[in-house]
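Working through the structure, step by step
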Amino acid sequence: MELTKTITLLSGDGIGPEVSAEGVKLLNLVEKEFKYKFEIIKKDFGGIAIDKFGVPFPEDTLNTCKKSNAVLLAAIGGPKYDSLPREKRPESGLLELRASLNTFANLRPAIVFDSLLDSSTIKKEVLAGTDLIVVRELTGGLYFGKPKGIEKRGNEKVGFNTMVYSESEVRRIAKVAFEIARKRKKKVTSADKANVLDVSQLWKDTVIEVSKNYPDVSLEHMYIDNAAMQLIRNPKQFDVILAENLFGDILSDEASMLTGSIGMLPSASIGDGTLPAIYEPVHGSAPDIAGKNIANPIAMILSIGMMFKYSFNNEKIHDSIFHSVEKVLNAGYRTKDIYQEGSKLVGTSEMGNFICKEFSLCKV
Ligand code: IPM
Ligand code: MN
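In this text, all values refer to a predicted model and were calculated from it rather than measured experimentally.

Here the focus is the pairing of strand S9 (residues 218-223). A regular strand places its side chains on the two faces of the sheet in alternate fashion. Relative to S9, strand S8 (residues 187-192) is paired through 6 bridges, and the arrangement is parallel. Within S9, the position partnered with aspartate 192 by the bridge is tyrosine 223. Assessed by its sense of winding, the connection that carries the chain from S8 through helix H7 (residues 198-211) to S9 is right-handed.

As a further point, take the environment of lysine 187. By the secondary structure assignment, lysine 187 is in strand S8. Separated by 51 residues in the primary sequence, lysine 187 and phenylalanine 238 have C-alpha atoms spaced 7.5 Å apart. Aside from chain neighbours lying at most four places away, what touches lysine 187 is Ala181, Val217, Ser218, Glu220, Gln237, Asp239 and Val240.

Leu107 and Phe308 are the most contacted members of the largest nonpolar core, which has 89 residues in total. For this core, the domains that each give at least three residues are domain 1 (1-106 + 262-364) and domain 2 (120-259). Those residues within four positions of phenylalanine 308 in sequence are excluded, and the remaining contacts are Leu27, Val30, Tyr36, Phe38, Asn313, Asn314, Ile317, His318 and Ile321. Leu10, Phe45, Phe57 and Val71 belong to the second-largest nonpolar core, a separate cluster that totals 12 residues.

All right, on to the sheet that holds strand S3 (residues 70-75) then. Within a sheet, adjacent strands bond to each other through the backbone by hydrogen bonds, running parallel or antiparallel. If you walk across this open sheet you meet the 10 strands as S2-S1-S3-S12-S11-S4-S5-S10-S8-S9, and the pairing is mixed. Across the chains shown, the open sheet's two edge strands, defined by having one partner strand only, are strand S2 (36-42) and S9. Here the average twist between neighbouring strands, direction ignored, is 25°. Note: strand S4 (residues 105-111) against strand S11 (residues 268-270), 3 bridges, orientation antiparallel. Across the sheet, residue asparagine 106 finds its bridge partner in S11, namely serine 269. Packing against the sheet, helix H3 (residues 59-67) makes contact with strand S1 (3-12), S2 and S3, and its axis sits at approximately 150° to S1.

Next up on the list: the side chain of serine 68. Checked against the element boundaries, serine 68 lands in the loop between H3 and S3. A polar contact is formed between the side chain of serine 68 and the backbone oxygen of cysteine 65, at a distance of 2.7 Å.

Two numbers describe how helix H11 (residues 315-330) lies on helix H12 (residues 348-361): the axes approach to 8 Å, and their chain directions differ by 125°. By the criterion of interaxial angle, the relationship of H11 to H12 is oblique. Both H11 and H12 take part in a crossing whose hand is right-handed. Two secondary-structure elements touch here, H11 through Ile317, Ser320, Ile321, Ser324, Val325, Lys327, Val328 and Leu329 and H12 through Met351, Phe354, Ile355, Glu358 and Phe359. Residues belonging to the contact of H11 with H12 are distributed by class as follows: 9 nonpolar, 2 polar and 2 charged.

Bringing helix H10 (residues 298-310) into the picture now. Compared with the 18 Å implied by 1.5 Å per residue over 13 residues, the 18 Å span of H10 between its first and last C-alpha is a close match. Taking burial as the measure, the 13 residues of H10 include 11 buried ones, the bulk of the element. Among the residues making up H10, those that are buried are Ile298, Ala299, Met300, Ile301, Leu302, Ser303, Ile304, Gly305, Met306, Met307 and Phe308.

Attention shifts here to the site of ligand 1. In the vicinity of ligand 1, the residues found are Glu91, Leu94, Arg98, Arg108, Arg136, Tyr143, Asp249 and Glu280. Contact between ligand 1 and arginine 98: an oxygen atom at 2.7 Å from a side-chain N or O atom of the residue. Contact between ligand 1 and arginine 136: an oxygen atom at 2.8 Å from a side-chain N or O atom of the residue. When ligand 1 is considered free in solution it has 320 Å² of accessible area, and contact with the protein chains removes 78% of it. With 3 residues, the single largest contributor to the shell around ligand 1 is helix H4 (residues 90-100). Considered class by class, the residues forming the shell around ligand 1 number 2 nonpolar, no polar and 6 charged. Residues lining the shell around ligand 1 come from more than one domain, with at least three contributed by each of domain 1 (1-106 + 262-364) and domain 2 (120-259).

Cut-offs and rules
Residues numbered from 1 in each chain as written. Chains lettered and ligands numbered in written order. Predicted model: local features only at pLDDT ≥ 70, side-chain atom pairs only at ≥ 80, totals over all residues. Heavy atoms only, no water. Pairing = 2+ DSSP bridges. Helix = DSSP H or I, 4+ residues; strand = E, 2+ residues; numbered from the N terminus. Right-handed = clockwise from strand over helix to strand, strands pointing away. Contact = heavy atoms within 4.5 Å. Core = buried A, V, L, I, M, F, W, Y, C linked by side-chain atoms within 4.5 Å. Buried < 20%, exposed > 50% of the residue type's maximum accessible area, 1.4 Å probe, protein only. Domains from an automatic or database assignment. Axes fitted to C-alpha atoms, helices over the stretch in contact; angles between N-to-C directions. Polar contact = N/O pair within 3.5 Å; in protein donor to acceptor, adjacent residues only side chain to side chain. Parallel < 35°, antiparallel > 145°, perpendicular 65-115°, else oblique. Left-handed = near helix turned anticlockwise from the far one by under 90°. Nonpolar A, V, L, I, M, F, W, Y, C, P; charged D, E, K, R; others polar. Expected span 1.5 Å × (residues − 1). Near = heavy atom within 4 Å. Areas by Shrake-Rupley, 256 points an atom, 1.4 Å probe, with all protein chains shown as cover.

Below is the structure:
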C-alpha cells in the first residue's frame, strides 16, 4: 500500500531555498525507495511573502498548512525587514504559524557526532557523548503574554512584555518532556527562575505535580542562569531540558554550539496531534551566506528525519537519515561552518548528494 503524505514546504528567505532543495532531494529518494508518495506544496512565507503580498503569513499559506500532514519550514527573515512594524515582520509570521497550528512543544535534540568533536569551540572531553534534547514551550510565555507594547508613561516611553503561564499550559508541555524522557535516559531538568519570578514558581510547582505520574523519571530543577552555565561546563549531565519559551530559545542556541554549528540542529514543533506539526532547522536565514552554496543542509535533513519519527511514525527512516549523516561526516565531508583542517570541504548541494547516496546504501 502506498502512503500518501502532503507536505507544505515553506522555503522562506536567505539560505532557506538552498537547504530546502537538499531536503526535497532526500524526500524524492525516500519516495523512490519506500512506499511513500509525497505531495510537496510550496507556499510563500516570511520575507518572500511580504515582498509579494505585504504580509509574512498569507491566508492561503495558512490554509494549505492546515490541510497538510506536515509542514517543512526552512528559514525566514533578513535585514531588509527589520525596520517594518512588528506585525509585518517575518518573525511575527512565524509566531502566528506556531500559534495557528497550536504547536506548543518544540523539540530540539543536540547530539554531538564523534567526528565533529573538533568543530566545536568547547573541549572535546567535555563534549564527547553529549546527547540531550531541549523541550521548549512554544506558544506561550514571554513571546505571547499580554499586556505587551511600548507606550508613553509620563514624559518617557516604556516597553513591556508579560511572562505568563497557566497550569494547563505547563502541564501539557511537562507531560511531553516526561514522555520523551521515559524513552531516553529518564531524566528531566526543568529550567526556571523560581528564585525571582512568580510565573516560574507556578511552573516549578506544576512540573512537580506532573512528575508524580512519572515515578520512573527523575526530575531536577535548575535556575535558568545556572542551566546556561552547566550546559557549557558539563553538557553530559543533561537528558531532557524543559524550559519556558524564551529560556528554551536561548538554551537551544547555546546547545547548538555543542554540536559544532547551529547548522547541525533540527527541530520539531508538535501539538496535540489534531493539526500538523512543523519541522524546521534551528538556524536562521543567514542572509550573509545566501545563494553561495556554502550553507549546511544537515539541520534541514535531520529535521526531515524528525518528521518521519513524529508525524509519520517511522523511526526506521528517521534512523537511516541520521546514520547517513553520521557516515558522511565520518568520511570527512564538511560544509564551511564545520570545516576543520584535513577534512574535505563541500558545498550545500554536494553535502546533500553525499547524504542521499549514503541513504540509498543504508536502506533498511
Ligand atoms: C527560533 C528563532 C525564532 C524564535 C525567531 C526567528 C522568531 O530564534 O526558532 O529559535 O525566537 O523562536
Ligand atoms: Mn532561536
